[in-house]
Structures are given as C-alpha cells and as structure tokens.
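Listed below, chain by chain, are the residues.
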Amino acid sequence: MMFYIGVDIGTTSTKAVLFTHEAKVHCVSHVEYPLHSPLPMIAEQDPEEIFQAVVKAIKGVVEKSGAGPDEIRFVSFSSAMHSIIAVDESGLPITACLTWADSRSKAWADKIKNEMNGHEIYMRTGTPIHPMSPLAKIAWLTHDCPEVIEGASKFISIKEYVFHKLFSKFVIDHSIASATGLFSLADLDWDEEALRVAGITRDRLSQPVPTTWHTDGMKEQYAREMGLSVRTIFVIGASDGVLSNLGVNAIDPGIVAVTIGTSGAIRTVTDRPVTDEKGRIFCYALTDKHWVIGGPVNNGGMTFRWLRDELASAEVETARRLGIDSYEVLTKIAERVTPGAEGLLFHPYLAGERAPLWNPDARGSFFGLGMHHKKEHMVRAVLEGVIFNLYTVLLALQELIGVPEKIRATGGFARSPLWRQMLADIFNQEVEIPESFESSCLGAVVLGRYALGEIEDFSIVKNLVGTTHIHTPVEQHVQIYEELIPIYISIYRKLDEEYTGIATFQNKWANKPLE
C-alpha cells in the first residue's frame with residue numbers, strides 16, 4: 001500500500017495526516033506548542049520547538065500506520081502565513097518566530113500605508129498593509145532593532161526554517177511568498193520597491209519556487225527519526241488558507257469557503273491575481289493558474305473560548321459533571337434566545353482585527369446591553385458577532401466577484417448546528433458543510449499528487465469531498481439580521497479614534513502596578 005502525508009504547521013500545533021491512495025484518512029498525529037504573549041503586542045514562538053513538533057507529528061503517523069519508509073510516496077506541506085524569523089548565516093535563529101498575531105510593527109505598518117506608497121505596494125503584492133505582514137515586521141526589525149539586523153543573514157518563515165533544517169536549502173513557495181507583502185504577483189518575484197521599504201536586498205530572502213517544487217535527500221538523522229527514507233520526496237506545498245480551499249473543493253468560480261477555527265477567513269479562487277482598490281482583501285497564490293482572494297479575521301473560535309473561560313465558570317462545571325463538552329452547554333443556552341439576542345450586539349475584536357477593519361487597535365464591545373439581557377443573551381451575541389464580522393468581509397468580496405453561488409463552511413465551529421444555522425441566516429444563503437475535516441492537509445496531498453504528475457488537475461477533489469450537512473436560511477431570522485447588520489457596521493465605523501485611544505491606554509498600563 002502507498003501512503004501520502006499532509007502536514008499542516010499551525011499557530012498552536014502541527015498536525016500530520018496520513019492518507020491512503022483513495023485519500024481516506026488512515027491516521028492523524030498532532031503536537032501542540034505554546035504561543036508566547038507576555039504583552040498585548042507580542043505573539044511569538046520558539047522556531048526549534050515548532051520544528052521538533054513537525055518531526056514528532058510525522059513520526060507519529062508513520063508509527064501509527066506501521067508503514068515502511070518505501071510505502072510513503074511523499075510528504076507535502078501546509079503552513080500558517082506571515083511568520084518571520086531572523087536567522088544567521090548558518091540558519092540558526094537570532095529572533096523568535098514572530099507570528100501573524102504579533103503587532104509590534106504597527107508604527108511601521110502605519111508609516112508604510114500613509115507615507116511610503118503602501119497602497120501601490122499592496123496592489124502589486126496582494127497583502128494588505130498591516131502589522132501581520134512580514135513587510136511591516138522586517139521594516140520594524142531593520143530600522144528599530146539594530147541588535148537584530150547586525151547578526152541577521154536572512155528573514156524567513158517557519159516553513160522555510162523547517163526545510164532548511166531538513167535539506168540545508170533556503171526556498172520559499174509562491175504561496176507563502178505572496179503573503180509577505182514583498183512579492184510581485186505579476187512577476188512571481190520579489191518586488192523592488194517593497195524591498196527598499198523593508199530595508200533589505202533580495203539576498204536576505206529565500207529563493208521563490210512554485211508550490212509544486214519538491215526535493216529529496218534530507219539529512220539522515222531526521223529521516224531515521226521520522227521513520228522515512230532519505231529518498232522520501234518532500235513537496236514544499238502552500239499556505240494553509242489556499243490549501244483549505246482546495247481541500248474542501250472550493251476551487252471553482254463562485255464557490256466561497258468560510259473557515260472558523262481559532263481565527264477565521266472567507267476565500268474564493270480566481271484564475272488571475274485580483275486586488276482591491278479599497279485595500280480590504282488579500283490575494284495569495286495556490287498555483288500560477290489558481291489565486292485565492294478573501295479576507296482573514298483574527299477573532300473566530302478564540303472569542304468563544306474567551307467567553308467560556310472568563311464568563312462561564314458555572315457552565316463549565318456543569319459540563320464537567322455531566323461529562324459533556326462545555327461548548328455544547330453554552331450553545332444550548334444560546335439556543336434559548338431568539339436570533340438577534342433581543343438587540344444585543346457584540347463586536348468580537350478581542351485581538352484587534354484584520355479584515356474588514358485592518359486595525360490592530362480595534363477592541364471588542366457589547367452594544368445595546370439592557371436590564372432585560374441575561375448571560376444567555378451575551379452568549380448568543382458573541383456567537384452572532386463572529387458571523388456578523390465574517391459577513392462584512394463577504395460584502396467586500398462580493399464587490400469584486402458578485403454574490404457567491406455556493407458557500408462551503410469548515411472549521412471547529414462547523415460541529416455546532418446552531419453556528420451553522422446562524423451562518424446560513426446571517427449570510428442569507430444555503431451553507432454546505434464538507435465531509436473533509438482535514439482540509440489543509442488533504443489540500444497539501446492533492447497538490448503533492450499534482451506536483452508529481454499523478455493527476456493532471458484538481459478535479460479529483462470533487463470525488464474526495466462529500467457533504468455532511470446543508471443549512472438553508474430561515475426567512476424570519478433573515479429579516480431580523482437584516483435590521484441589525486447596518487447597525488453593527490455603523491458602530492465600528494464610528495469608533496476608529498476611540499479604538500486608537502483605548503489601545504494606547506491599554507498598552508501604556510499593561511502589567512504596570514500602581515506605586
């Protein structure tokens with residue numbers, strides 16, 4: 001039997017999924033690691049810790065399957081975007097891995113956007129000017145952190161770090177490169193103006209290669225540790241977002257994928273690069289014929305987790321005693337409340353926000369709170385707020401592609417019937433839930449088979465992904481949400497200055513005791 005391994009390097013864990021030739025999940029292994037955030041603007045990780053997690057995750061599925069080294073056809077990669085690590089000439093890290101959520105480069109993002117032709121750079125590179133962007137991160141490091149730039153030979157992402165450890169090669173796939181803000185979508189090469197803004201030359205970055213690029217000959221110690229052969233092929237793959245679209249069969253025109261995990265995103269595929277004159281959406285590469293456009297949000301399932309951890313201790317204890325999931329208890333409570341939570345709105349900007357605001361200073365808030373509201377209203381408002389925010393991203397996307405023909409929804413939220421129905425009602429469209437729950441890893445494997453010439457195109461995905469649920473809008477619910485959405489949008493548009501003011505206050509007083 002021949003197996004394929006898809007690896008997804010995520011923000012909180014790395015997952016390896018071993019698939020059969022028929023793309024059935026044979027076994028899964030995942031290894032978690034911490035995200036260090038000692039201050040609100042810091043969100044970083046240990047690169048070596050993540051590399052070891054990749055090795056352990058691959059080793060885990062190989063051991064579980066009992067497959068021999070020659071039975072593994074290839075390993076193909078998905079990875080989170082926007083990470084940056086400064087490394088020395090030997091590839092050893094001299095900084096932590098700055099994740100997408102790290103916002104210390106905010107001042108430089110503002111400067112690039114307002115003073116350094118940022119909009120034109122975005123129009124060519126497809127990455128909105130924001131602290132998440134490696135463009136802003138590198139500009140901050142090169143201009144404000146002299147101790148870093150003095151020893152830095154290259155600036156690389158976490159996937160590049162993994163491949164250099166395994167193969168001693170500095171390469172970056174077009175997909176991850178297209179999420180840096182430094183990569184020309186038209187030329188498939190580093191953008192000269194963006195390099196100047198970042199304060200670096202092209203030799204400080206890796207060699208861009210197609211997402212189908214593959215190699216073998218990894219270091220023997222790692223092959224032995226993972227239970228593979230040094231001849232095992234490694235496909236560089238793409239980013240997690242674009243591969244998720246592939247893995248849920250959302251690659252045809254008019255099909256939109258909605259994903260809510262820890263964070264969230266809305267994405268669709270086009271046959272050419274598309275950017276937005278208003279700068280609201282991203283454009284990232286899957287292949288030279290497939291481009292994924294859409295918008296990411298910071299606040300997805302993590303917002304529900306915050307609600308559970310900070311406001312629902314009684315419900316968590318009830319769930320523990322009953323032996324059921326605490327989120328299930330909370331969604332049952334929310335079901336008792338009518339759609340719209342009797343006029344209570346929640347803006348879920350607990351971690352700033354990317355799309356549609358692109359404002360790291362945005363902060364969460366309840367609006368409309370009255371004496372008649374109880375905890376169950378707050379629970380429902382939080383769940384609805386996450387979907388409202390995603391819907392505002394869809395509105396921006398619709399200006400470019402029109403109303404979607406079909407919406408496919410995935411992520412941890414898709415396990416909740418309540419959230420699935422909310423999505424259908426707020427979007428006022430039928431929502432399909434694909435059968436595949438390992439979409440990024442499946443997408444990586446399909447891309448790997450395409451890279452090695454086993455398949456001629458991606459049409460095979462149609463036969464690999466089924467549908468588990470279909471939700472249609474409830475007209476009465478739709479009418480309620482259509483009244484609330486304009487109010488929801490109007491509020492965050494009016495609070496731009498207030499977001500800046502409260503974020504400045506919070507950063508000033510974070511972890512500072514009174515004397």
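Residues numbered from 1 in each chain as written. Predicted model: local features only at pLDDT ≥ 70, side-chain atom pairs only at ≥ 80, totals over all residues. Heavy atoms only, no water.

(A) Molecular detail of the overall build of the chain. Helix and strand content of the chain: 19 helices and 23 strands. Taken over C-alpha atoms, the radius of gyration comes to 22 Å for the chain, in line with the 24 Å a tight globule of 515 residues would show. Each principal axis of the C-alpha atoms in the chain carries an extent, and together these give about 65 × 50 × 50 Å. Residue burial in the chain is summarised as follows: out of 515 residues, 59% are buried. Once local pairs closer than 6 in sequence are excluded, the contacts in the chain between residues at least 24 apart make up 72%. Carbon and sulfur atoms make up 51% of the accessible area of the chain, which totals about 20900 Å². (Helix = DSSP H or I, 4+ residues; strand = E, 2+ residues; numbered from the N terminus. Rg over C-alpha atoms; globule rule 2.2 N^0.38 Å. Buried < 20%, exposed > 50% of the residue type's maximum accessible area, 1.4 Å probe, protein only. Contact = heavy atoms within 4.5 Å. Areas by Shrake-Rupley, 256 points an atom, 1.4 Å probe, with all protein chains shown as cover.)

(B) Quick peek at the sheet that holds strand S22 (residues 431-434). Strands sit in the order S17-S18-S16-S15-S21-S22-S23 across an open sheet of seven strands; the sheet is mixed. Strands at the two margins of the open sheet, each flanked by one partner only, are strand S17 (282-287) and strand S23 (467-471). Put simply, the sheet's adjacent strands are angled 25 degrees from each other on average, direction ignored. Inspection of the sheet shows strand S15 (residues 255-260) paired to strand S21 (residues 406-410) by five bridges, in the parallel sense. Bridge assignment links Thr-259 to a residue of S21, and that residue is Thr-410. (Pairing = 2+ DSSP bridges. Axes fitted to C-alpha atoms, helices over the stretch in contact; angles between N-to-C directions.)

(C) Layout of the environment of Leu-228. The topology assignment puts Leu-228 in the loop between helix H9 (220-226) and strand S14 (233-239). Using a relative accessible area of 6% as the deciding quantity, one classes Leu-228 as buried. Sequence spacing of Leu-228 and Asp-173 is 55 residues, and the spatial spacing of their C-alpha atoms is 23 Å. Discounting chain neighbours no more than four positions away, the residues touching Leu-228 are Ile-58, Val-62, Pro-69, Ile-72, Val-75, Met-218, Ala-223 and Phe-234.

(D) The arrangement of helix H1 (residues 47-65) in detail. Taking 1.5 Å of rise per residue, 19 residues should cover 27 Å, and H1 covers 28 Å from first to last C-alpha, within 8% of that figure. Along H1, the residues that are buried comprise Pro-47, Ile-50, Phe-51, Ala-53, Val-54, Val-55, Ala-57, Ile-58, Gly-60, Val-61, Val-62 and Ser-65. The N-cap of H1, judged by a side-chain oxygen 3.0 Å from the amide nitrogen of Glu-48 a few residues on, is Asp-46. (Expected span 1.5 Å × (residues − 1). Polar contact = N/O pair within 3.5 Å; in protein donor to acceptor, adjacent residues only side chain to side chain.)

(E) Fine view of the pattern of salt bridges. Across all of its chains, the model carries 28 salt bridges by this definition. For Glu-432, the salt bridge goes to Arg-408, with nearest N and O atoms at 3.4 Å. Placement of the pair is Glu-432 in strand S22 and Arg-408 in strand S21, with a sequence separation of 24 residues. Each member of the pair, Glu-432 as well as Arg-408, carries the same accessibility label: buried. Glu-454 is the salt-bridge partner of Arg-449, the closest N and O atoms lying 3.0 Å from each other. The buried category is assigned to Arg-449, whose relative accessible area is 10%. For Glu-454, a relative accessible area of 29% gives the class partly exposed. In this structure, a network of salt bridges that share partners links the residues Asp-276, Lys-278, Arg-280 and Glu-399. (Salt bridge = Lys/Arg side-chain N within 4 Å of Asp/Glu carboxyl O.)

(F) Inspection of the nonpolar core at higher detail. Counting 125 residues, the largest nonpolar core has Leu-135, Phe-155, Leu-182, Leu-246, Val-258, Ile-266 and Phe-427 as its most contacted members. When residues of this core are assigned to their parent elements, the largest contribution, twelve residues, is made by helix H14 (residues 375-401). Counting residues in each nonpolar core, the second largest holds 41 residues, with Ala-67, Val-75, Phe-167 and Tyr-222 among its members. (Core = buried A, V, L, I, M, F, W, Y, C linked by side-chain atoms within 4.5 Å.)

(G) Representation of the pairing of strand S2 (residues 13-19). In terms of burial, S2 is a largely internal element, six of the seven residues being buried. Bridge analysis of strand S1 (residues 3-9) against S2 gives six bridges, and the strand direction is antiparallel. The partner of Asp-8 across the bridge, within S2, is Lys-15. Hairpin geometry of S1 and S2 is characterised by an intervening segment of three residues between the two adjacent antiparallel strands. With antiparallel pairing between neighbouring strands as the criterion, S2 and strand S3 (residues 25-32) make up a hairpin whose turn holds five residues, including Ala-23 at a positive phi of roughly 65 degrees.

(H) Representation of the packing of aromatic side chains within the structure. One pass over the structure, following the stated rule, counts 22 aromatic pairs. Taking the centre distance of 4.9 Å and the plane angle of 45 degrees together, the rings of Tyr-4 and Phe-74 count as tilted. A residue pair is termed long-range when its members are at least 10 positions apart, and Tyr-4 in strand S1 and Phe-74 in strand S5 (residues 72-79) qualify at 70 residues. Exposure remark for Phe-74: the relative accessible area of 0% places this residue in the buried category. Here Trp-306 and Phe-346 contribute two aromatic rings whose centre-to-centre distance is 6.3 Å and whose plane-to-plane angle is 10 degrees, an arrangement assigned as stacked. With Trp-306 in helix H11 (residues 301-311) and Phe-346 in strand S19 (residues 345-347), the pair connects residues that are 40 residues apart, well separated along the chain. Looking at Lys-111, its charged tip hangs above the ring of Trp-108, at a distance of 5.8 Å from the centre. Across the ring face of Phe-170, the terminal group of Lys-154 is positioned such that the distance to the ring centre comes to 5.6 Å. (Phe/Tyr/Trp six-rings, centres within 6.5 Å; stacked < 30°, edge-to-face > 60°. Lys NZ or Arg CZ within 6 Å of the ring centre and 35° of its normal.)

(I) The layout of surface pockets, seen in detail. Volume-wise, the second largest pocket comes out at about 820 Å³. If you trace the second largest pocket, you find 33 residues lining it, with Pro-40, Ala-101, Met-302, Leu-350 and Ala-351 closest to the centre. Within the residue set of the lining of the second largest pocket, elements represented by two or more residues are H11 and helix H19 (496-509). Take the lining of the second largest pocket: its biggest share by element is five residues, from H11. Tallied by class, the residues present in the lining of the second largest pocket amount to 14 nonpolar, ten polar and nine charged. (1 Å grid on protein atoms, 1.4 Å probe; cavity = no way out; pocket = protein on both sides within 12 Å on 5 of 7 lines; lining within 4 Å. Points joined across faces, edges and corners; volume = space filled by probe spheres on them. Nonpolar A, V, L, I, M, F, W, Y, C, P; charged D, E, K, R; others polar.)

(J) Examining the sheet that holds S5 more closely. Judged by pairing direction, the sheet is mixed, and its six strands sit side by side in the order S3-S2-S1-S5-S14-S13 without closing on themselves. Edge positions in the sheet fall to S3 and strand S13 (214-215), since each has one partner strand and no second. Note that S5 and S14 share five bridges and pair parallel. Residue pairing in the sheet places Ser-78 in a bridge with Ala-238 of S14. Against the sheet, helix H10 (residues 240-247) makes contact with S1, S5 and S14, and its axis sits at roughly 95 degrees relative to S14, the strand it touches most. Helix H16 (residues 439-451) rests against S1, S2, S5, S13 and S14 of the sheet, and its axis sits at about 125 degrees to S5.

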